[in-house]
Amino acid sequence: MKAPKDAKHYMLRDLIRYCEERGIGTEDVTDEELKQFEIVS
């Protein structure tokens, strides 16, 4: 199944590393923080 055209894609490894470094879970990342991990196509 293909992702919808408006689906956002993220650099998950980088996001997980970011969370581990800060001792937070991925669910605690703010929308502003999440933007830096978006893959812009």
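Residues numbered from 1 in each chain as written. Predicted model: local features only at pLDDT ≥ 70, side-chain atom pairs only at ≥ 80, totals over all residues. Heavy atoms only, no water.

Draft legend 1. Expanded view of the overall build of the chain. What the chain contains, in helices and strands, is two helices and zero strands. Counting only C-alpha atoms and orienting by the principal axes, one finds that the chain spans roughly 35 × 20 × 15 Å. Counting across all 41 residues of the chain, residues that qualify as buried make up 12%. Of the charged side chains in the chain, 7 are positive and 10 negative, and the gap between their average positions amounts to 10 Å. (Helix = DSSP H or I, 4+ residues; strand = E, 2+ residues; numbered from the N terminus. Buried < 20%, exposed > 50% of the residue type's maximum accessible area, 1.4 Å probe, protein only. Lys, Arg positive; Asp, Glu negative; His and termini not counted. Charge placed at Lys NZ, Arg CZ, Asp CG, Glu CD.)

Draft legend 2. Geometry of the packing of aromatic side chains. Considering all chains together, one arrives at one aromatic pair under this definition. Ring centres 5.2 Å apart and planes at 65 degrees place the aromatic pair Tyr18 and Phe37 in the edge-to-face group. Residue Tyr18 is found in helix H1 (residues 12-22), and its partner Phe37 is found in the segment after helix H2 (31-35); the two are separated by 19 residues along the sequence. An identical accessibility class is assigned to Tyr18 and Phe37; each is buried. (Phe/Tyr/Trp six-rings, centres within 6.5 Å; stacked < 30°, edge-to-face > 60°.)

Draft legend 3. Broad picture of the nonpolar core. Grouped together as the largest cluster of nonpolar side chains are five residues: Leu15, Tyr18, Cys19, Val29 and Phe37. Here Phe37 is in contact with His9, Tyr10, Met11, Asp14, Leu15 and Tyr18, once residues within four sequence places are set aside. (Core = buried A, V, L, I, M, F, W, Y, C linked by side-chain atoms within 4.5 Å. Contact = heavy atoms within 4.5 Å.)

Draft legend 4. Quick look at the pattern of salt bridges. Taken as a whole and assessed by the stated rule, the structure comprises four salt bridges. As a salt-bridge pair, Arg17 and Asp14 come within 3.1 Å of each other at their nearest N and O atoms. With Arg17 and Asp14 both in helix H1 and three residues apart, the pair spans about one turn of that helix. The partly exposed category is assigned to Asp14, whose relative accessible area is 29%. (Salt bridge = Lys/Arg side-chain N within 4 Å of Asp/Glu carboxyl O.)

So far we have only geometry, and geometry alone does not tell us how the molecule works.
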